[in-house]
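Here is how the chains run, residue by residue.
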Amino acid sequence: MSKVLCVLYDDPVTGYPKSYARDGVPTIKSYPGGQTLPTPKSIDFKPGQLLGSVSGELGLRKFLESLGHKLVVTSDKDGANSTFEKELPDASIVISQPFWPAYLTEERFKKAKKLELAITAGIGSDHIDLEAAMRHGVTVAEVSYSNSISVSEHVVMMILSLVRNYIPSYQWVVKGGWNIADCVERSYDLEGMNVGTVAAGRIGLAVLRRLKAFDVKLHYTDRYRLSPDVEKELNLTFHPNVESMVKVCDVVTINCPLHPETEHMFDDKLIAKMKRGAYLINTARGKICDKDAVARALENGHLAGYAGDVWFPQPAPQDHPWRTMPYHGMTPHVSGTSLSAQARYAAGTREILECWFGLRPIREEYLIVDGGHLAGTGAHSYSAGNATSGWEEANKYRTGAR
Ligand code: NDP
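Taking an unreviewed UniProt entry as the reference, the chain is identified by name as Formate dehydrogenase belonging to Methylotenera versatilis. What UniProt states about the chain under its Function (unreviewed entry) heading is, verbatim, "Catalyzes the NAD(+)-dependent oxidation of formate to carbon dioxide. Formate oxidation is the final step in the methanol oxidation pathway in methylotrophic microorganisms. Has a role in the detoxification of exogenous formate in non-methylotrophic organisms." Within the UniProt record for the chain, the comment given under Catalytic activity (unreviewed entry) is "formate + NAD(+) = CO2 + NADH".

See below:
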């Protein structure tokens, strides 16, 4: 019998939904490039249900209990007295989502003597000290591609909302106004702008493809170049480094993982190299940007806007400067947890568990750490190390806003 400890975000303040705005989600046959969708033997949920919150349980309870395993689900994840810390010592498997991450640090690995597998239900395992996972022989897996397209759609939405000044315009309506000049004094067309992505992996490339229709000039930087065919198809300009790209871009979108190489990449120095009036969109990870440098650049007018859904730590404390800085379009971490995405990563989590309990290999593309090394996707896209330092601040978040 294994104990599976699952950390999920809270149910809606109005309670777990009894009905939904739509009757389901479209069926997707495969991901771009041909990767297959998750292939669990079966699922015990209806796609389109809320699965990522505590009562949704990622649709796993029936399956796990039918195999004789124990499932513990909680949202109480930070601090020494949290349910997570109390349940950790005899857990064999930990599951958590990047939106409401259960930070797995060296101290917690030391307490988790029985831990063998840490699953990220979603993409991005930077809330896990990967170096420590390697040392403690814990396998780390995530559900690659499950929400990449979800995020790419969010990126396009955020670029447009900043450039067109959508959020303040919406707010004028809610306030009862008709203040056209107030709305348009910061509103531009995206057409003709130079837009660049830091990383052209699954999300970055999907963003580039979606933006092509807007008649913009597209740029990218990555550790590896895309194929000449793709570069030609999208008329891409490749930059060997991020500095060269940000100098010429009106809009920069960040789509690389957080690992020691990318931590605080956007600091005062790099932001100073961006064009005055540029927009920065970050749906990758909060810590890729220096939070105070971003706030300063918005206040002094060097950046015209910043938007994203990723913060560090998560949940962001009430005094996090990104809640109050000017010209921002921040949301909580939601882009990868649409109901559509949840159906895919819940199914992927189930597939990983079926493989694990059935002693079958987990797909290479889902592996981040295995056998004491970076493996699969982890070996390609991450670097060894730890990007969790400072996570304790998450404990400052108070649920008063609920
Ligand atoms: P991929 O693994 O497909 O792409 C990541 C890309 O980043 C790869 O092309 C990788 O290069 C590149 N990369 C890594 N390090 C660097 C670097 N130092 N400079 C430039 N490029 C770099 O992942 P996805 O596109 O699916 O996801 C990317 C990230 O987005 C995730 O790691 C996660 O942090 C975030 N994300 C956010 C979500 C949200 O809800 N907001 C949901 C899903 C993901 P290569 O492999 O060529 O070495």
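(A) Inspection of the overall build of the chain at higher detail. Looking only at helices and strands, the chain features 14 helices and 14 strands. Against the globule reference of 21 Å for 402 residues, the chain gives a C-alpha radius of gyration of 21 Å, in line with a compact fold. The principal-axis extent of the C-alpha atoms belonging to the chain is close to 65 × 50 × 40 Å. In the chain, buried positions account for 55% of the 402 residues. Restricting the contact set of the chain to residue pairs at least 6 apart, pairs at least 24 apart contribute 70%. Surface accessibility of the chain: about 17,700 Å² in total, with carbon and sulfur atoms responsible for 53%. Between the centroid of the 45 positive side chains of the chain and the centroid of its 46 negative side chains there is a distance of 2 Å.

(B) Broad picture of the sheet that holds strand β9 (residues 251–254). In spatial order, the strands read β8-β7-β6-β9-β10-β11-β12; together these seven strands make up an open sheet with parallel pairing. Since the sheet does not close on itself, it has two edges, and those belong to β8 (237–238) and β12 (328–330), each with one partner. With five bridges connecting them, strand β6 (residues 194–198) and strand β7 (residues 217–221) associate as parallel partners. Looking across to β7, one finds that V198 is bridged to T221.

(C) View of the UniProt feature "domain: D-isomer specific 2-hydroxyacid dehydrogenase NAD-binding" (unreviewed entry) in the chain. Feature annotation in UniProt assigns "domain: D-isomer specific 2-hydroxyacid dehydrogenase NAD-binding" (unreviewed entry) to the following positions: residues 156–335. Secondary structure content for residues 156–335 is 32% helix and 17% strand, and the end C-alpha separation is 11 Å.

(D) Examining the site of the ligand more closely. The ligand sits among 28 residues. The nearest are R202, I203, D222, T283 and H380. The side chain of S148 places a nitrogen or oxygen atom 3.0 Å from an oxygen atom of the ligand. A distance of 3.4 Å separates a nitrogen atom of the ligand from a polar atom in the side chain of D309. Only α5 (148–163), α8 (202–211) and α14 (376–381) provide two or more residues apiece to the shell around the ligand. Considering only residue class, the shell around the ligand consists of ten nonpolar, twelve polar and six charged.

(E) Here's a closer look at the pattern of salt bridges. Considering all chains together, one arrives at 24 salt bridges under this definition. For R61, the salt bridge identified is with E65, shortest N-O distance 2.8 Å. Of this pair, R61 and E65 both sit in helix α1 (residues 61–66), separated by four residues, roughly a single helical turn. Residue class for R61 comes out partly exposed when judged on its relative accessible area of 27%. Judged by relative accessible area, which is 41%, E65 ranks as partly exposed. For E261, the salt bridge is made with R223, and the minimal N-O distance between the two is 3.3 Å. Taken together, the positions of E261 in the loop between β9 and α11 (268–273) and R223 in the loop between β7 and α9 (228–233) put the pair 38 residues apart, joining distant regions of the chain. One network of salt bridges, with partners in common, ties together D44, K62, R350 and E354.

(F) Summary view of α8. Counting buried positions over the ten residues of α8 gives seven, a clear majority of the element. Structurally, α8 contributes buried residues whose contacts are with α5, β6, β7, α9 and β9.

(G) Structural context of empty space enclosed by the protein. Going through the model one piece at a time under the given rule, you end up with two cavities of 30 Å³ or more. By volume, the largest cavity is sized at about 100 Å³. Along its surface, the largest cavity is lined by 13 residues, and Y103, D126, R285, W311 and Q314 are the ones closest to its centre. In the lining of the largest cavity, the residues fall into six nonpolar, four polar and three charged. By volume, the second largest cavity amounts to about 40 Å³. Lining the second largest cavity are D126, I128, L130, L258, H259, P260, Y382, G385, N386 and A387. The residue inventory of the lining of the second largest cavity, partitioned by class, reads six nonpolar, three polar and one charged.

(H) Quick peek at the pairing of strand β11 (residues 303–308). Most of β11 is tucked away: six of the six residues are buried. The sheet contact formed by strand β10 (residues 278–282) and β11 spans five bridges and is parallel. Bridging across to β11, A278 finds its partner in L303. Bridge analysis of β11 against β12 gives three bridges, and the strand direction is parallel. Looking at β12, one finds that G308 is bridged to M330.

Cut-offs used in this document
- Residues numbered from 1 in each chain as written.
- Predicted model: local features only at pLDDT ≥ 70, side-chain atom pairs only at ≥ 80, totals over all residues.
- Heavy atoms only, no water.
- UniProt positions renumbered as here; feature names shortened; annotations may be inferred.
- Helix = DSSP H or I, 4+ residues; strand = E, 2+ residues; numbered from the N terminus.
- Rg over C-alpha atoms; globule rule 2.2 N^0.38 Å.
- Buried < 20%, exposed > 50% of the residue type's maximum accessible area, 1.4 Å probe, protein only.
- Contact = heavy atoms within 4.5 Å.
- Areas by Shrake-Rupley, 256 points an atom, 1.4 Å probe, with all protein chains shown as cover.
- Lys, Arg positive; Asp, Glu negative; His and termini not counted.
- Charge placed at Lys NZ, Arg CZ, Asp CG, Glu CD.
- Pairing = 2+ DSSP bridges.
- Near = heavy atom within 4 Å.
- Polar contact = N/O pair within 3.5 Å; in protein donor to acceptor, adjacent residues only side chain to side chain.
- Nonpolar A, V, L, I, M, F, W, Y, C, P; charged D, E, K, R; others polar.
- Salt bridge = Lys/Arg side-chain N within 4 Å of Asp/Glu carboxyl O.
- 1 Å grid on protein atoms, 1.4 Å probe; cavity = no way out; pocket = protein on both sides within 12 Å on 5 of 7 lines; lining within 4 Å.
- Points joined across faces, edges and corners; volume = space filled by probe spheres on them.

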